[in-house]
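Letter by letter, the chains look like this.
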2 protein chains.
Amino acid sequence: MVAAVHGDKIWANSGDSHVMEPPDLFDSLPDDIKELMPRSVKDPSGDFETIFIDGQEFRRDLPKAKPGKTGLGLNARPAGSSEDDFIIRVIEGNDATKRLQDLDDEGVWGEVIYPSLGIWTFNIRTPKVVKEGARVLNEFALDFQMRSPRFVCTASIPLLDVDDAVAEIKRSSAAGFACGFLPTRPPMGRPIWNDEEWDPMWAAFAETGMVIGFHIGTEPHDPTERTGVHYRGRGGAVLNYVETTYGGQKAVTQLIACGALDRHPELKVLVSEGGATWGPFIADRMDEGYRQHGAAVRPMLAKPPSQYLYDQVYASFQHDASAVAANWAMGWKNVMWGSDYPHFEGTFGHTQKTLHELFDGVDDDVSHRIRIGAFEELFPHVPARPAS
Amino acid sequence: MVAAVHGDKIWANSGDSHVMEPPDLFDSLPDDIKELMPRSVKDPSGDFETIFIDGQEFRRDLPKAKPGKTGLGLNARPAGSSEDDFIIRVIEGNDATKRLQDLDDEGVWGEVIYPSLGIWTFNIRTPKVVKEGARVLNEFALDFQMRSPRFVCTASIPLLDVDDAVAEIKRSSAAGFACGFLPTRPPMGRPIWNDEEWDPMWAAFAETGMVIGFHIGTEPHDPTERTGVHYRGRGGAVLNYVETTYGGQKAVTQLIACGALDRHPELKVLVSEGGATWGPFIADRMDEGYRQHGAAVRPMLAKPPSQYLYDQVYASFQHDASAVAANWAMGWKNVMWGSDYPHFEGTFGHTQKTLHELFDGVDDDVSHRIRIGAFEELFPHVPARPAS
């Protein structure tokens, strides 16, 4: 499906896309590990799914069909969309041939592709289980990536033992991954990203040249909390949606403030789906704190904190008009467009309409940088779209 | 003290300033209430102060003098500043005559002035105590406000009983307040701002025409947590500083998503000190959620959520260069400058340098709107600075 196009087709790379793993993904694992891996069971009501993982159960709201019976979860869908839309998209998106047809129809060339079940591995509490699980997820992702040079799949990184994380970064980089997927907050009980514990992981990313891909909405949480539901009551859907952006900003602030980007100037960080206008804002906030609270700052950095964000951090957005101005008016060149295919938050079905709304009348250099250039800078191995 | 000026003196109103109440403020209250009101006791080490309030004790880090012995709290000071700077400023700032001299030296005309001890009243757990305390705080603030037509003091609002809140809004408006001070999160145990419970309070603000002044860093919290310390370890000072901005964004999102600004189009909201570039960003995030999760949105609003933010919400910043572009490039006309006098995060001592860095070369209309116009729109009763 292609929406009405206001002009010539324009193309973009996507800094944020997804593929959904098949249900039998973990069948090859030994029984004692397999039974602890994430699996989704849809409630007969159709209201939510339960993810069983490592002895824990997480509930997540599902897209609703019945009018007047809607939830507040992340899977809420656009008003007027069909009940089956999401399932159809996922099935198409998992078939590489049909996915490429979708991409061509929509005008999307290269894609950073995140796992789906892989998000849940960050809730596993047993190091051996997450290590084996990440390996299986990464075998699937690597196999998918090999279906097209346009696919940049992300490697899941086991985070319960930093040695396992370093080993998987090195292994997956050697196997062909160009990006490693991290949640915006480490697994429950682990220190946040500013802690010394993670230093060997940043070193491994820097050494391999793998981009760090933080995807928003991935914070591990207690099974008693419903995924994505921070607020209830009036305005809950909007409040919960806005809430997802903060995790990416906090992860980036942690990486910069602790000196990781200072120690590894070659390290590149992508924050996917959380918008991009936050970049220049958080850069200014960090600088004000760094300067005005300077007597308490540890460690001191070689440059103002903002400079690391401008040089080494990238972020993808879907519809935000302000994100384009964050490039041309605020000077953050690492604003990157993303489709979020096949999710409801994304542009599937109206990508051309969105791209025209965002970029018609925008300076060619700015438009090209956001649609094409920033992605190519992070992933130079992806071949450019042939001139048609 | 005036820093080197790069050109002609330029003037600005401040959307964010402070006055510190005298220690004997609550002496007029009956003993049983007086002993529950906030009082600050400085630790002999000089490292922190303890705020005693309503049977609770809160610790807050103080500016440090000893090199190598610095904290991570909000009171951390700029590197190279003197131990006594803050105390000297506070003493001057509490003397209306000396304060006006400071303002004239710095090039600041009108000011929104928040209380200091007043922030702590949001931690009181006894309705009668907070009600009587707010009244005393507001008598002091009103007295201070009467010292100059340039002062816009903010009324503290008792929040443990919404009827008390409504009564104090009406009383303080009638007494001469143009702005009511709210914390970015309600007192512990009270529902957040999207809840129906607060509707009479929004109606009272709308009816009286008082501006709602949310000041960042005011979230009530458990006494076991050190004020302003969310993060420890590497980068803690920068992380804690950046963290303070999120509360204002969340409060605004709650007010818009729950429909309060839709129901009261005359209601105006100011978020002080948290920067301003977040405005266009959160506007875009709200719109994406509202549209892409539309089937779950309750209540529906007459306009896209962004429009309420653009029309009814204002925000003050000190040093952020990106905030100026949020006006001219992203179209948010309600960006407002603020000095944060006399706090360390502010511009005292370098106001002219900051204003020149921010506004030299910027279009006159944009510069005037951010420095002067947005403030005058919220507080039209403040007389303009006479042409000199």
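Residues numbered from 1 in each chain as written. Chains lettered and ligands numbered in written order. Predicted model: local features only at pLDDT ≥ 70, side-chain atom pairs only at ≥ 80, totals over all residues. Heavy atoms only, no water.

1. A closer look at helix H10 (residues 305-312) of chain A
All names here are of chain A. Residues Pro305, Ser306, Tyr308, Leu309 and Gln312 constitute the buried set of H10. The arc that holds the buried residues of H10, viewed along the axis, is 165°, so those residues lie on one side. Looking at the buried residues of H10, the elements they touch are helix H7 (236-257), helix H8 (260-263), strand E9 (269-272), helix H9 (278-292) and strand E10 (313-317). (Buried < 20%, exposed > 50% of the residue type's maximum accessible area, 1.4 Å probe, protein only. Helix = DSSP H or I, 4+ residues; strand = E, 2+ residues; numbered from the N terminus. Arc of directions from axis to C-beta. Contact = heavy atoms within 4.5 Å.)

2. Quick notes on the interface of chain B and chain A
Where interface size is given, it is often the accessible area lost as the parts come together that is meant. Tallying the contact residues gives 75 residues for chain B and 75 residues for chain A. Of the roughly 6000 Å² buried between chain B and chain A on both sides combined, carbon and sulfur atoms contribute 59%. Counting the surface chain B buries against chain A, the share from its top three residues, B:Arg234, B:Arg285 and B:His293, is 15%. At the surface where chain B touches chain A, the tally comes to eight salt bridges. A salt bridge links A:Lys250 to B:Glu243; the nearest nitrogen and oxygen atoms lie 3.2 Å apart. At the surface where chain B touches chain A, the tally comes to 36 residue pairs in polar contact (both at pLDDT 80 or more). At the level of elements, helix H7 (236-257), helix H9 (278-292) and helix H11 (321-328) of chain B are the ones that each hand at least two residues to the side of chain B that touches chain A. Split by residue class, the side of chain B that touches chain A holds 34 nonpolar, 24 polar and 17 charged. (Buried area = accessible area lost by both parts, 1.4 Å probe. Salt bridge = Lys/Arg side-chain N within 4 Å of Asp/Glu carboxyl O. Polar contact = N/O pair within 3.5 Å; in protein donor to acceptor, adjacent residues only side chain to side chain. Nonpolar A, V, L, I, M, F, W, Y, C, P; charged D, E, K, R; others polar.)

3. Re the confidence of the model for chain A
All names here are of chain A. Put simply, chain A has an average pLDDT of 92, and 94% of its residues get 70 or more. pLDDT under 50 marks residues 1-5. Its contacts with residues more than four places away, or in other chains, come to nine contacts. Ignoring residues within four places in sequence, the model shows residues 65-74, a span with pLDDT below 50, making 30 contacts including any to other chains. With a pTM of 0.95, the predicted complex shows an ipTM of 0.95. (pLDDT = per-residue confidence, 0-100.)

4. Description of the relation of the copies chain B and chain A
With an RMSD of 0.0 Å, the fit of chain B onto chain A corresponds to turning through 180° and sliding 0.0 Å along the axis. The transformation just described matches what one would write down for a two-fold rotation axis. Taken as a fraction of all interface residues of chain B, those also at the interface in chain A reach 100%, which identifies the copy contact as same-surface. (Least-squares fit on C-alpha atoms with pLDDT ≥ 70 in both.)

5. Some remarks on the packing of helix H11 (residues 321-328) of chain A against helix H13 (residues 364-378) of chain A
Residue and element names in this part refer to chain A. Here H11 crosses H13 at 115°, and the two axes come no closer than 10 Å. Judged by the twist between their axes, the crossing of H11 over H13 is right-handed. Facing H11, whose interface residues are Val324, Asn327 and Trp328, H13 presents Val366, Arg369 and Ile370. Here the contact of H11 with H13 is built from residues that sort into four nonpolar, one polar and one charged. (Axes fitted to C-alpha atoms, helices over the stretch in contact; angles between N-to-C directions. Left-handed = near helix turned anticlockwise from the far one by under 90°.)

6. Structural notes on the environment of B:Ser367
Residues and elements named next belong to chain B. The residue serine 367 is located in helix H13 (residues 364-378) in this model. Placed 30 residues apart in sequence, serine 367 and tryptophan 337 show a C-alpha to C-alpha distance of 9.8 Å. Non-local contacts of serine 367, meaning those with residues more than four positions away in its chain, are made with Phe359 and Val362.

7. Regarding the state of the cysteines
Applying the stated criterion to the full structure yields zero disulfides over all chains. A:Cys258 forms no disulfide, and the closest cysteine sulfur to it belongs to A:Cys179, at a distance of 19 Å. Given the relative accessible area of 0%, A:Cys258 is considered buried. Between B:Cys179, a free cysteine, and B:Cys153, which holds the nearest cysteine sulfur, the sulfur-to-sulfur gap is 10 Å. (Disulfide = S-S within 2.5 Å.)

8. Some details on the pattern of salt bridges
Going through the model one piece at a time under the given rule, you end up with 34 salt bridges over all chains. When the shortest N-O distance is used, the salt bridge between B:Asp320 and A:Arg285 registers 3.2 Å. Remark: A:Arg285 occurs in helix H9 and B:Asp320 occurs in the loop between strand E10 (313-317) and H11; the pair is interchain, linking two chains. Across the pair, exposure class does not vary: B:Asp320 and A:Arg285 are buried alike. Members of the salt-bridge network, linked through shared partners, are A:Glu196, A:Asp199, A:Arg263 and B:Arg234.

9. Details of the side chain of B:Thr277
Here B:Thr277 lies in the loop between strand E9 (269-272) and H9. With a relative accessible area of 0%, B:Thr277 lands in the buried category. Setting aside chain neighbours within four positions, we find B:Thr277 in contact with A:Phe281, A:Met330, B:Ser322, B:Ala323 and B:Ala326.

10. Section: the pairing of strand E3 (residues 48-53) of chain B
On any regular strand, side chains alternate: one points to one face of the sheet, the next to the other face. Residue and element names in this part refer to chain B. Within E3, five of the six residues are buried, which leaves the element mostly enclosed by the surrounding structure. Alignment of strand E2 (residues 39-42) against E3, held across four bridges, turns out to be antiparallel. Paired with valine 41 across the bridge in E3 is threonine 50. The pairing of E3 with strand E4 (residues 56-61) spans six bridges and is classified as antiparallel. Residue pairing in the sheet places threonine 50 in a bridge with arginine 59 of E4. Between E3 and the antiparallel strand that follows it, E4, lie two residues; aspartate 54 among them carries a positive phi value of about 50°. (Pairing = 2+ DSSP bridges.)

11. Things to note about the environment of A:Asp311
Residues and elements named next belong to chain A. Mapped onto the secondary structure, aspartate 311 falls in helix H10. Separated by 77 residues in sequence, aspartate 311 and arginine 234 place their C-alpha atoms 40 Å apart. Beyond its immediate sequence surroundings of up to four residues, aspartate 311 is in contact with Lys268, Lys303 and Asn334. Within polar-contact distance, the side chain of aspartate 311 engages the side chain of lysine 303 at 3.2 Å.

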